[in-house]
Amino acid sequence: MAGPSSRVFISHLAGISVFDPNGDQVGRVRDVVVALRIGARPPRVLGLVVEVVGRRRIFLPMTRVTSLESGQVLTTGVINMRRFEQRPTETLVLAELLDRRVTETATGAEVTVLDVGMVSTRLREWEISKVFVQRGKPGRLRKSRGETVTLDWSAVTGFTLAEEGQGAANLLATFEQLRPADLASMMHHLSAKRRAEVAAALDDERLADVLEELPEDDQVEILGKLQDERAADVLEAMDPDDAADLLSELPGDEAERLLQLMEPDEAAPVRRLLTYEENTAGGLMTTEPIILEPDATVAEALARVRVRDHKPALAAQVYVCRPPNETPTGKYLGTVHFQRLLREPPFTLLGSLLDDDLDPLPPDTPLPLITSYLATYNLVAAPVVDEADHLLGAVTVDDVLDHLLPEDWREAALHGEGNGTSEHESEAHLGR
């Protein structure tokens, strides 16, 4: 993706082609979805509206966009082909922001919005940073009259949300900067009605992150109040092991209905995880470790480790396998740890750096043996391999801790033991 200083004017994206990782055209960009925020804070770009075959419009999250250069959009991972439905807290740039009359702060004069520019931040997110406007009264032709100028987002008013009466959108602005665990703590102390409102306002990936930090009862309650298709989208955004844990708490027919609604490629690893006993390596593992082939280089491995979506425990090592590179893989060859990557020249092949001294874990390894394995060898993650030497996934220390702690440890933590958080404080912080 473009670097932190790159800027893209959104009108230039209209109609450009979108390609999947194999180079096949998926569709064309028809709009950009943003979330407006209170005050002068620039809107966050959520994703693209893409028109695919049959004039169907789908949503492509910005987290799945790897490049916006050379007049095309490149994506990574599986694309959800469900029809795009705009939510109350979302705004379409081309359809709703362009040609809007707003006020230039410095002069108090009304100007017409001709375009807006978005920029990639250091956190690998996108936000609206610039507004291209026309001064003077608008003519019958869009650009027929008046001086045009590019302004900072903060230099105009008339876009952002009002402070009062914004409901869930106001809440979103209040806790946008919270870590998922902190937001989960606040949601836990809300009434069921208020909790459902907040969950409905969060985007799928944010809600998925929060669900992973909530007790099982809260997870089941929130998921049950979502429409089935939305619930399936949120499950797709969760880590497969967390999604499997949540589905295991649901009645069998309800879990199967949601699995049927998920994209097949997203549902397959979750189904595999559901076949293992809960307190075994197979039941605890994630199916999405970092996997590369032996002829990949140290530079490629470090690039994968840098991806922000990887949790620290998973980013601590790369698993080297024969293709295919998605679990279950071809033959598992060994592991290369992050520290070893830092010590080697960038052009070194991973196949020459393998740590293959330790036997990987079979999927039926019980929890006590997993704990001993990680502690004995000072590891934060361990590969899980079947009898045919296929890598099935990796068990990470954070998942092991989840199962070593008392069953109600999340409940105890979210009730504010040690931090003094009360229900009234949570409601007040969320702007009730």
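First things first, this report covers the structure right here in the doc. All values reported here derive from a predicted model rather than from experimental measurement. (Residues numbered from 1 in each chain as written. Predicted model: local features only at pLDDT ≥ 70, side-chain atom pairs only at ≥ 80, totals over all residues. Heavy atoms only, no water.)

Some remarks on the sheet that holds strand 16 (residues 332-337)
Link 1 in the chain: In spatial order, the strands read 14-15-16; together these three strands make up an open sheet with mixed pairing. The outermost strands of the open sheet, each flanked by one partner alone, are strand 14 (291-292) and strand 16.
Link 2 in the chain: Bridging between strand 14 and strand 15 (residues 317-321) involves two bridges; their strand directions are parallel. Pairing of Leu-292 across the sheet is with Val-320, part of strand 15. (Pairing = 2+ DSSP bridges. Helix = DSSP H or I, 4+ residues; strand = E, 2+ residues; numbered from the N terminus.)

Structural notes on the pairing of strand 3 (residues 25-35)
Link 1 in the chain: Summarising burial for strand 3: eight of the eleven residues are buried, a large majority.
Link 2 in the chain: Pairing of strand 2 (residues 17-19) with strand 3 involves three bridges; the strand directions are antiparallel. Paired with Ser-17 across the bridge in strand 3 is Arg-28.
Link 3 in the chain: The loop that links strand 2 with its antiparallel partner strand 3 comprises five residues; one of these, Gly-23, has a positive phi angle of about 90°.
Link 4 in the chain: Here strand 3 runs beside strand 4 (residues 44-51); their pairing, made up of seven bridges, is antiparallel. What sits directly across from Val-29, in strand 4, is Val-50.
Link 5 in the chain: Sheet topology note: the strand 3/strand 8 (residues 91-92) ladder contains two bridges and is antiparallel. The residue bridging Val-34 from the neighbouring strand is Thr-91, located in strand 8. (Buried < 20%, exposed > 50% of the residue type's maximum accessible area, 1.4 Å probe, protein only.)

Quick notes on the packing of helix 7 (residues 228-237) against helix 9 (residues 252-261)
Link 1 in the chain: As a packed pair, helix 7 and helix 9 sit with axes 9 Å apart at the nearest point and diverge in direction by 75°. When the axes of helix 7 and helix 9 are compared, the pair comes out roughly perpendicular. On helix 9, the residues touching Asp-228, Glu-229, Ala-231, Ala-232, Leu-235 and Glu-236 of helix 7 are Arg-257, Leu-258 and Leu-261.
Link 2 in the chain: Residue classes in the contact of helix 7 with helix 9 are distributed as five nonpolar, no polar and four charged. (Axes fitted to C-alpha atoms, helices over the stretch in contact; angles between N-to-C directions. Parallel < 35°, antiparallel > 145°, perpendicular 65-115°, else oblique. Contact = heavy atoms within 4.5 Å. Nonpolar A, V, L, I, M, F, W, Y, C, P; charged D, E, K, R; others polar.)

Things to note about helix 5 (residues 204-211)
Three- or four-residue spacings in an α-helix give side chains the same orientation, since the helix completes a turn every 3.6 residues.
Link 1 in the chain: Burial within helix 5 is extensive, with six of its eight residues counted as buried.
Link 2 in the chain: Of the positions making up helix 5, those classed as buried are Asp-204, Arg-206, Leu-207, Ala-208, Val-210 and Leu-211.
Link 3 in the chain: Sitting at the amino-terminal end of helix 5 is Asp-203, which places a side-chain oxygen 3.2 Å from the backbone nitrogen of Glu-205. (Polar contact = N/O pair within 3.5 Å; in protein donor to acceptor, adjacent residues only side chain to side chain.)

With respect to the packing of aromatic side chains
Link 1 in the chain: Tallied over the full model, the rule gives three aromatic pairs.
Link 2 in the chain: Seen in terms of ring centroids, Tyr-373 and Tyr-377 are 5.4 Å apart; in terms of plane orientation they differ by 70°. Their pairing is edge-to-face.
Link 3 in the chain: Judged by relative accessible area, which is 12%, Tyr-373 ranks as buried. (Phe/Tyr/Trp six-rings, centres within 6.5 Å; stacked < 30°, edge-to-face > 60°.)

Honestly, it's all geometry; don't read function into it.
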